[in-house]
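# Notes for the structure review
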Amino acid sequence: MSTLTATPQITESSVIPATMRAAVYRGINDVRVETVPVPEIGRGEILIKVATCGICGTDLKKIHTGSHSAPRIFGHETAGTIAAVGEGVTNFAVGERVMVFHHVPCGDCYYCRKGTYAQCPVYKPAGVTAGFEPSGGGFAEYVRVMDWIARDGGVVRIPDDVPFEQAAFVEPANTVLKGIKLLNIKPDETVLVIGQGPIGILHAVLALKAGATVLTSDLYPERHAVATGFGLKHPIHAGTEDVAARARAATDGRGADTVIIAVGGNSLISTAMNAVRPGGKVLLFAQTQHGEAIFDPAAVCMDEKTLLGSYSSSFEILDEVKQLVFGGYRNGFDLTRLISHRFPLEEAVEAIHMASNPSASSMKIMIQHEVTEPGA
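Residues numbered from 1 in each chain as written. Predicted model: local features only at pLDDT ≥ 70, side-chain atom pairs only at ≥ 80, totals over all residues. Heavy atoms only, no water.

Let us now look at the overall build of the chain. For the chain, the helix and strand inventory stands at twelve helices and 16 strands. Taking all 376 residues of the chain together, 53% fall into the buried category. In the chain, of all internal contacts separated by at least 6 residues, the share reaching a separation of at least 24 is 68%. Carbon and sulfur atoms make up 51% of the accessible area of the chain, which amounts to about 16200 Å² in all. (Helix = DSSP H or I, 4+ residues; strand = E, 2+ residues; numbered from the N terminus. Buried < 20%, exposed > 50% of the residue type's maximum accessible area, 1.4 Å probe, protein only. Contact = heavy atoms within 4.5 Å. Areas by Shrake-Rupley, 256 points an atom, 1.4 Å probe, with all protein chains shown as cover.)

Next up, the structure:
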């Protein structure tokens, strides 16, 4: 825990408690809801009372693989209300509704100059914590936002008419839009998105907004039904259909111009490479675990198929993302429709279990506190 170096501003309506509840990672597949100290803030820092936090696949990877030391408190798709600000914070005030990024790049290093912000040495360490080693902290009642996150654009105000749950999608929407921009999709192209969980649907919708014809593949008809509600009209039922054959049939035998793999599993790389046309692109978005994968190198060389990856967010596109998520909410782009289950913090272990074992009925899963949303 940090040492309190400045007296924070406290809300007049309530006193910040000394302790809080949090879902603490104690080791591989071991998460426990415990009482822990509320993190103390220092100069330039912000304390946020969490309203809601989405469960991300990268959180689950860390919990199940032991890639990170214990104890930690995960969760980074976080939205809430500023409960206190440290000395020197002049651009935010107690009571403001915000979402927070747990990574912010320096903007000056070699990687930032090349636009690969996720490789920036300043970006890599998490700058938001609920205690222990900084790891996002959204699976807790309060999070401490460190000074460089608060100073360099990592805290984003939420418009009054936008609910916390919609705002929690700003970070994942940023990661998706970053990948979509990397692909440089054209209006005459066909895009295949493998996986129609929340992230897959986001990819498919943004590819559709770019003007492409979008094919979507998933094992569950129930997920295709959700995708239909977002205007996606070309489902491929992966359990009964040949995905690559369907992609070729839809493109005069060529294959899709772009294939996006929005679900984990290295075996899907072969499917994607078979489904993409010569000269096309395959984007690895969900392949975040180290391992080995088999693919035909001649498909890259002779068929000129490009295999590329995209990871985490880009602050270059933050204004566009805010318009997409906040402005979109006012114009029918309601991402809360992707939420299938909401769990209170005390049931965070059950929420993580459900997210780790996806089913036909599960989509985005949120851990939340009782809050009053706009219009409630």
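The next subject is helix H6 (residues 198–209). Here H6 contains twelve residues, and its C-alpha end-to-end distance of 16 Å stays within 8% of the 16 Å for a straight helix at 1.5 Å per residue. Of all twelve residues that make up H6, nine are buried, and the element is covered over most of its length. Inspection of H6 places Pro 198, Gly 200, Ile 201, Leu 202, His 203, Ala 204, Val 205, Leu 206 and Ala 207 among the buried residues, and these make up the whole buried set. Phi for Gly 211, located one or two positions after H6, is positive at around 100°. (Expected span 1.5 Å × (residues − 1).)

With that out of the way, let us pick up the sheet that holds strand S10 (residues 213–218). Read across the open sheet, the six strands follow the order S11-S10-S9-S12-S13-S14; overall the sheet is parallel. Of all the strands in the sheet, just strand S11 (235–237) and strand S14 (306–309) have a single pairing partner and so form its edges. Ignoring strand direction, the axes of neighbouring strands in this sheet form an average angle of 20°. The pairing of strand S9 (residues 190–194) with strand S12 (residues 256–261) spans four bridges and is parallel. Bridging from a neighbouring strand, Val 191 pairs with Thr 258 of S12. The strands that helix H5 (residues 170–183) touches are S12, strand S13 (276–284) and S14; relative to S13, the one it contacts most, it runs at about 160°. (Pairing = 2+ DSSP bridges. Axes fitted to C-alpha atoms, helices over the stretch in contact; angles between N-to-C directions.)

Structural measurements only, silent on function.
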